[in-house]
Amino acid sequence: MTILDIPADVIIVIMHYLSIRELAFLSRSCRYLHTIVEEFGWRVYLNLHPLSTKSYSTSAPSWCARTHVRVNSYVDEQWDRSLFVARPLSDRWEGKLQPILAINASRLLIAAGNLIYSYGFRTSSNVPDDAPGVFLEAIYSTSDTTHPKSDITSLTCLPDGVNDGQVFVGYANGTVEKISLPSMKGNKGTPYVLPLDREVYDSHGGDNIVESLSVTSTHMLSFSTSGAASLHSFASSSPVEKINVNARGWSSLLSTRSSHRFAAFGTSSALNPLLTYDILPTGISPVPSYLLPTELTHSSAVYDITSAPMSSPWGASDQILISGWYDGYVRVHDLRASNTARTITRTNEDTSSSTSISAFEPTLSFSDPWSFEPIYSVSSGGGSGAHIAAGSARHSVIAFWDVRYSKGWSVHAPGNDPSPVYSVVLDGARVFGANQSRGFVLDFGPGVKEGTYPEVEVNSQTGPRQRVRRDLNTLTRAPIGAGFYVTKYSHARSKWTGKSL
């Protein structure tokens, strides 16, 4: 009996356990197996090893399964080797801003000041020879004579497939709006978002900055500096649920995908800077459900929270919380890990009643051994969905860790601005970030060329061919090919502590 005598459906089952290399060898063995691999094998592998890159979403549907696997394999290899093309997305902004990123399947949005920069994704059918491009499609203004100028402090998109043209925006004056971005067809300049395209969702008061917004397909959560949180259900008959966590608010994350629905909050607190509240059928719980403590014995703060992607090595679960802390650590809490849980009894000083609350210790923690700066932003994804990115508070440094290995490295963003990385998004093959001066991208994908991203201003004294940017590169550190010079370094003494998941 030979392999050709095995039924095709059995061969397809076997393919679930084969690597790319083994599938390639099998495909080259004979015409019969080549046909099966081309028709089923690459698709099976792709389903088992997905790589979500939203900026590829307009191009990927036209790729065959083998091309898609080829691109994903290239991206994974580039991540393993820490190789990428670094590019700024714009010229330097005027002033020092605190930008926020948001992304969906149609565009990347960068909110800076009272402007929203919208970058569209081009369609490319030639990958890996020609990467899907990113272009500046519009710059929207959120203020005019009827809307006083107020900086945007938080921004988030609706879930993919709901409405790519709508976003939620939080302002420094405490207001939250849902904005429908107008079409730019036939328009020029910086269009103002008209009142007709804006819906006020909430107001936290003029002295309360809206620090964080989190949106799912069913709810929207806003969180202000005073620690006030508002939960809006998209069902029109449901009232707004409000609680106060009684601490200075920084970050939030809403999870409603699984049976355990909760909201996580990052605060400045001496006791519990990271905690969760259950989302009940009757609304948000008035008392915390989980405390997520650390080994710290002093006051700290959690500046950003994210979850792991569905393709993460930890499994397709939204019960993973990844947080960036003031002490320079990124901590991972797994709400499924019962071996890290313990029970804490809390006493209410007003009523003298006691409440038992579960506390989950971190399962993993990461830090850059060469930097002691606070972590301002975190994101998860990248190659194999196995990476964590953290934006530090100085020198535009982003630190990366592969959660599968004790391996970390850091890179300075193009321009080496002495600024925090205020926002970072891991988009599979690309990492988008923003500091006080500009947005930027680190591209780990194939086919990146000079025209893949928007051009930046050229120093007229050196001419366009040299493409030397006054505030991005010195004459001795000019762009290399399609990318710009950046400094990166390895975490040779990277700290990796905690239990394995």
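Residues numbered from 1 in each chain as written. Predicted model: local features only at pLDDT ≥ 70, side-chain atom pairs only at ≥ 80, totals over all residues. Heavy atoms only, no water.

### Section: the pairing of strand β11 (residues 219–224)
Most of β11 is tucked away: 6 of the 6 residues are buried. Every second residue of β11 is oriented toward a common face, with H219, L221 and F223 on one face and M220, S222 and S224 on the other, all of them buried. The pairing of strand β10 (residues 210–215) with β11 spans 5 bridges and is antiparallel. When the bridges of β11 are listed, S212 appears paired with F223. Counting the residues in the hairpin turn of β10 and β11 gives 3 residues. Two elements, β11 and strand β12 (residues 228–233), share 5 bridges in a ladder whose sense is antiparallel. Residue pairing for β12: F223 is matched across the bridge by A229. Between the antiparallel neighbours β11 and β12 lie 3 residues, among them G227 with a positive phi of about 90°. (Buried < 20%, exposed > 50% of the residue type's maximum accessible area, 1.4 Å probe, protein only. Helix = DSSP H or I, 4+ residues; strand = E, 2+ residues; numbered from the N terminus. Pairing = 2+ DSSP bridges.)

### Digging into the sheet that holds strand β5 (residues 134–141)
Strand order in the open sheet formed by 4 strands is β2-β3-β4-β5, with antiparallel pairing between adjacent strands. The sheet terminates laterally at β2 (100–103) and β5, the two strands that pair on one side only. Looking at each pair of strands side by side, their axes are set apart by 20° on average, direction ignored. When strand β3 (residues 107–112) meets strand β4 (residues 115–121), the two strands line up antiparallel, connected through 6 bridges. Looking across to β4, one finds that I110 is bridged to Y117. (Axes fitted to C-alpha atoms, helices over the stretch in contact; angles between N-to-C directions.)

### Looking at the pairing of strand β21 (residues 329–334)
The element β21 is largely enclosed, with a buried count of 6 among its 6 residues. The pairing of strand β20 (residues 320–325) with β21 spans 5 bridges and is classified as antiparallel. Opposite G324, over in β21, you have V330 as the bridge partner. Where β20 folds back onto β21 in an antiparallel hairpin, the turn is made up of 3 residues, including G328, whose phi is positive at roughly 90°. Sheet topology note: the β21/strand β24 (residues 364–367) ladder contains 4 bridges and is antiparallel. Residue pairing in the sheet places V330 in a bridge with F366 of β24.

### A word on the environment of A105
With respect to the helices and strands, the residue A105 is situated in the loop between β2 and β3. For the pair formed by A105 and K54, sequence separation is 51 residues and the distance between their alpha carbons is 4.9 Å. Excluding residues that lie within four positions of it along the chain, A105 makes contacts with K54, S57, T58, F121, D160 and D164. (Contact = heavy atoms within 4.5 Å.)

### Quick look at the nonpolar core
In this structure, W79, F84, I398, F400, V411, V431 and L442 are the most contacted members of the largest nonpolar core, which totals 25 residues. Contributing elements (two or more residues each) for this core: α4 (65–81), β27 (397–402), β28 (407–412), β29 (423–427) and β31 (439–443). Looking at this core, the element that brings in the most residues is α4, giving 3 residues. Beyond its immediate chain neighbours, meaning those up to four positions away, F84 contacts W409, V411, L442, D443, F444, V486 and K488. In terms of nonpolar packing, the next biggest core, distinct from the first, is built from 20 residues, I103, I110, V441 and Y453 among them. (Core = buried A, V, L, I, M, F, W, Y, C linked by side-chain atoms within 4.5 Å.)

### Section: unusual backbone geometry
The backbone phi angle of N246 is positive, close to 60°, even though this residue is not glycine. Relative to the helices and strands, N246 is located in the loop between β13 (241–244) and β14 (248–255). Take N246: its relative accessible area is 70%, and that puts it in the exposed class. With a phi close to 50°, S396 is a non-glycine residue in the positive phi region. Looking at the element boundaries, S396 is found in the loop between β26 (387–392) and β27.

### Digging into the sheet that holds strand β9 (residues 198–203)
Taken together, 4 strands build an open sheet; the order of strands is β6-β7-β8-β9 and the sheet is antiparallel. In this open sheet, the two edge strands, each paired with only one partner strand, are β6 (152–157) and β9. Across the sheet, the axes of successive neighbouring strands diverge by a mean angle of 20°, strand direction being ignored. Sheet topology note: the strand β8 (residues 175–180)/β9 ladder contains 5 bridges and is antiparallel. Its bridge partner being in β9, K178 is matched across the sheet by E199.

### Observations concerning the packing of helix α2 (residues 20–27) against helix α3 (residues 31–48)
The geometry of α2 relative to α3 is characterised by a closest axis approach of 9 Å and an angle of 160° between their N-to-C directions. In this view, α2 runs roughly antiparallel relative to α3, as classed from their interaxial angle. The interaxial crossing formed by α2 with α3 has left-handed handedness. Packed against α2, whose contacting residues are I20, L23, A24, L26 and S27, the element α3 presents L33, H34, V37, E38, G41, W42 and Y45 at the interface. Looking at side-chain class alone, the contact of α2 with α3 contains 8 nonpolar, 3 polar and 1 charged residues. (Parallel < 35°, antiparallel > 145°, perpendicular 65-115°, else oblique. Left-handed = near helix turned anticlockwise from the far one by under 90°. Nonpolar A, V, L, I, M, F, W, Y, C, P; charged D, E, K, R; others polar.)

No statement about biological role is implied by the geometric values presented.
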